[in-house]
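Topology and contacts: notes
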Amino acid sequence: MSDQGPAGEPELNAAAIAAALNRYQVRYVIIGAFAAIAQQALIPATRDIDLTPEASQENLTRLWLGETEVVVADLADVIRSKESAGRPKDLRVLPLLYRHQSTRGSGAKG
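Residues numbered from 1 in each chain as written. Predicted model: local features only at pLDDT ≥ 70, side-chain atom pairs only at ≥ 80, totals over all residues. Heavy atoms only, no water.

Attention now goes to the packing of helix α4 (residues 75-85) against helix α5 (residues 88-104). At a minimum axis separation of 10 Å, α4 and α5 run at an interaxial angle of 155 degrees. Accordingly, the angle class assigned to the pair α4 and α5 is roughly antiparallel. Every pair of crossing elements has a handedness; the one defined by α4 and α5 is left-handed. The segment α4 lies against α5, with Leu 75, Ala 76, Val 78, Ile 79, Lys 82, Glu 83 and Ala 85 engaging Asp 90, Val 93, Leu 94, Leu 97, Tyr 98, His 100, Gln 101 and Arg 104. Its residues assigned to classes, the contact of α4 with α5 shows nine nonpolar, two polar and four charged. (Axes fitted to C-alpha atoms, helices over the stretch in contact; angles between N-to-C directions. Helix = DSSP H or I, 4+ residues; strand = E, 2+ residues; numbered from the N terminus. Parallel < 35°, antiparallel > 145°, perpendicular 65-115°, else oblique. Left-handed = near helix turned anticlockwise from the far one by under 90°. Contact = heavy atoms within 4.5 Å. Nonpolar A, V, L, I, M, F, W, Y, C, P; charged D, E, K, R; others polar.)

What follows is the structure in structure tokens.
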């Protein structure tokens, strides 16, 4: 079995993600399409895994500990994604993201 997805991009390794979170004793819940697929819902597979960590400071600190490099999208890319999605929950946070971006000196909104 190949570890490459469409266009040569790596496939999702959800088991490895969960194993890493569990190793650091991060408390979380898998949500979204992957949660439905894990319960044998017959929906198309996704290339990501959505999760929500418990929001305690102790748990969030564990989430960021360890030797694993974490790659995150650039704030401008996050903003463009939310603008494109146009969902109410995305539109609600855009003013906060614009404000944060302006304090970082990152340039224009989009």
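Counted according to the given criterion, the structure contains five salt bridges. When the shortest N-O distance is used, the salt bridge between Glu 58 and Arg 62 registers 2.8 Å. In this pair, Glu 58 and Arg 62 are both assigned in helix α3 (residues 57-64), four residues apart and thus about one turn of the helix distant. For Arg 62, a relative accessible area of 14% puts it in the buried group. In this structure, Asp 90 and Arg 87 form a salt bridge, with 2.6 Å as the shortest nitrogen-oxygen distance. For Arg 87, a relative accessible area of 43% translates into the label partly exposed. Overlapping salt bridges, with partners in common, bring together Lys 82, Arg 87 and Asp 90 in one network. (Salt bridge = Lys/Arg side-chain N within 4 Å of Asp/Glu carboxyl O. Buried < 20%, exposed > 50% of the residue type's maximum accessible area, 1.4 Å probe, protein only.)

This paragraph deals with the confidence of the model for the protein chain. Summarising the model, the protein chain shows a mean pLDDT of 83, and 82% of its residues fall at 70 or more. Below pLDDT 50 for its whole length, residues 106-110 participates in nine contacts with residues either more than four positions away or in separate chains. (pLDDT = per-residue confidence, 0-100.)

This part is about unusual backbone geometry. In the Ramachandran plot, Gln 25 falls in the positive-phi region, its phi being about 55 degrees despite a non-glycine side chain. Among the structural elements, Gln 25 can be located in the loop between α1 (14-23) and β1 (28-31). The phi angle at Gln 40 is positive, at roughly 70 degrees, despite the residue not being glycine. One can find Gln 40 in the loop between α2 (32-38) and β2 (50-53). On the basis of relative accessible area, Gln 40 is assigned to the exposed category, the value being 69%.

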